Amino acid sequence: MSDTFETLEQKASYGIGRQMGDQLVNAPFEGFDVAAALAGFTDGIENGDYKVQPEQINEAFREIQARLQAAEAEKASALSAEGQAYLEENAKKDGVTVTDSGLQYEILVAGEGDKPTASSTVRTHYHGTLIDGTVFDSSVERGQPAEFPVNGVIAGWTEALQMMPVGSKWRLTVPYDLAYGERGAGGAIGPYSTLVFEVELLDIV
């Protein structure tokens, strides 16, 4: 514990600087220069002269933003292509049906109950993975079925559930545009992710 900052003002000032540093702990771009950032911070606080002219700063921002966008587009293209290749291979398997939307399903257990509608609420057990087998969500592993409205989930689920009689268990392979799209969902599901679910429709509640 440092005793360099003893007064309330020093401690609060350090806190402001620390908060700014914490926000930048993950460098906003490759080549981020801490010393240059500190120089800009100091010049701003002291109302000093610009060491880099505003038009040059703006040009640097534009160029770096363009680089970041290009890198993101390249990454997205690779992720999308990976998912598409998986879908194409999966579609060739016996028992897999592909709907007009691009959703793929395989009937593991054929139920004989009623089918839910878009306005129904259902109880399900499910196990969700990425195409590499990484589990991102599973009511099965939690040991607790999930209830939700049919029209309140991803589009691939909404479509599939309305075709499933109660008692059914299907394997769904869901293209990214019927799942979480270009943004993904949190840290577990990245952008352009094709998802795989085993879904058991337990009941309409």
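Before reading further, recall that the structure is shown in the block above.
Criteria and thresholds
- Within each chain, residue numbers correspond to sequence positions counted from 1 in written order.
- Per-residue local features are limited, in this predicted model, to residues with pLDDT of at least 70; the limit for side-chain atom pairs, both in listing and counting, is 80 or more; totals at the level of whole chains, interfaces and linings are taken over all residues.
- Each side-chain value is derived from all of the structure's non-hydrogen atoms; neither hydrogens nor water enter the calculation.
- Three labels apply to residues, based on accessible area from a 1.4 Å probe with only protein chains included: buried if under 20% of the type maximum, exposed if over 50%, partly exposed otherwise in between.
- Comment: elements are numbered from the N terminus, with helices defined as DSSP H or I runs of at least four residues and strands as E runs of at least two.
- Only when DSSP finds a minimum of two bridges between them are two strands counted as paired.
- Under the pairing criterion, centres of Phe, Tyr and Trp rings, with the six-membered ring standing for Trp, must be within 6.5 Å; the plane angle then separates stacked pairs below 30 degrees from edge-to-face pairs above 60, leaving the rest tilted.
- In protein, a polar contact requires one atom able to donate a hydrogen and another able to accept it; more generally it is a pair of N or O atoms within 3.5 Å, and residues adjacent in sequence count only if both atoms are side-chain atoms.
- In what follows, residue pairs with any heavy atoms lying within 4.5 Å of each other are defined as contacts.
- The term nonpolar core refers to a set of buried residues drawn from Ala, Val, Leu, Ile, Met, Phe, Trp, Tyr and Cys, joined through side-chain atoms within 4.5 Å.
- Every patch collects residues that have over 30% relative accessible area and no salt bridge, joining them within 9 Å if they carry like charges and within 5 Å if they are nonpolar side chains (Val, Leu, Ile, Met, Phe, Trp, Tyr).
- The protein chains shown are the only cover counted for residues, whose accessible areas, like all others here, come from Shrake-Rupley with a 1.4 Å probe.
- Every case where a carboxyl oxygen of Asp or Glu lies within 4 Å of a side-chain nitrogen of Lys or Arg is listed as a salt bridge.

**Student:** Which residues make up the pairing of strand S3 (residues 121-130), and what values do they have?
**Tutor:** In terms of burial, S3 is largely enclosed, as seven of its ten residues are buried. When S3 meets strand S5 (residues 146-149), the two strands line up antiparallel, connected through four bridges. Bridge pairing in S5 places Thr 124 opposite Ala 146. Where S3 lies against strand S7 (residues 195-204), nine bridges are found, and the strand directions are antiparallel. Bridge pairing in S7 links Leu 130 to Leu 195. Looking at chain direction, S3 and strand S4 (residues 135-138) are connected through three bridges and run antiparallel. Residue pairing in the sheet places Thr 129 in a bridge with Val 135 of S4. Between the antiparallel neighbours S3 and S4 lie four residues, among them Gly 133 with a positive phi of about 95°.

**Student:** Talk me through the packing of aromatic side chains; I want residue IDs and the actual numbers.
**Tutor:** The geometry of an aromatic ring pair comes down to the distance between the two centres and the angle between the two planes. Under the definition given, this model contains eight aromatic pairs. Both rings, one in Tyr 105 and one in Trp 170, keep their centres 4.3 Å apart while their planes meet at 10°; by these two values the pair is stacked. Of the two residues, Tyr 105 is situated in strand S2 (residues 104-109) and Trp 170 in strand S6 (residues 169-174); the sequence distance between them amounts to 65 residues. Comparing Tyr 105 with Trp 170, the two get one shared label, buried. An aromatic cluster is present here, built from Tyr 126, Phe 136, Phe 148, Trp 157 and Phe 197 joined pairwise through their rings.

**Student:** Explain the side chain of Ser 193 to me, using residue names and the numbers behind them.
**Tutor:** Tracing the chain through its elements places Ser 193 in the loop between S6 and S7. A distance of 2.7 Å separates the side chain of Ser 193 from the backbone oxygen of Gly 190, its partner in a polar contact. If near-sequence neighbours (up to four positions away) are discounted, Ser 193 is found in contact with Val 174, Pro 175, Tyr 176, Ala 179 and Gly 181.

**Student:** How would you summarise the nonpolar core if you had to cite specific residues and measurements?
**Tutor:** Core analysis: the largest hydrophobic core is formed by 25 residues, its most contacted members being Trp 157, Leu 161, Leu 172, Val 174, Leu 195, Phe 197 and Val 199. When residues of this core are traced back to their parent elements, those giving at least two are S3, S5, helix H5 (155-161), S6 and S7. Considering each element in turn, this core owes the most residues, four residues, to S7. Here Val 199 is in contact with Thr 124, His 125, Tyr 126, Trp 157, Leu 161, Met 164, Ser 168, Lys 169, Trp 170 and Leu 172, once residues within four sequence places are set aside.

**Student:** Got a sec to walk through the side chain of Thr 173? Specific residues and values, please.
**Tutor:** In this structure, Thr 173 sits in strand S6. Relative accessible area serves as the criterion here: at 2%, Thr 173 is assigned to the buried category. A polar side-chain atom of Thr 173 sits 3.2 Å from a polar atom in the side chain of Asn 90. Apart from residues no more than four positions distant in its own chain, Thr 173 is found in contact with Tyr 86, Leu 87, Asn 90, Leu 103, Gln 104, Thr 194, Leu 195 and Val 196.

**Student:** Please provide a residue-by-residue account of a nonpolar patch on the surface, values included.
**Tutor:** On the surface, a nonpolar cluster with roughly 390 Å² of combined accessible area is contributed by Ile 16, Met 20, Phe 41 and Ile 45. Elements represented by at least two residues in the nonpolar patch include exactly helix H1 (8-23) and helix H2 (34-45).

**Student:** How would you summarise the pattern of salt bridges if you had to cite specific residues and measurements?
**Tutor:** All told, the structure shown has eleven salt bridges when counted by the stated rule. Residue Arg 142 pairs with Asp 137 through a salt bridge whose shortest N-O separation is 2.6 Å. We classify Arg 142 as partly exposed; its relative accessible area is 49%. Residues participating in the shared-partner salt-bridge network are Glu 106, Lys 169, Arg 171 and Glu 198.

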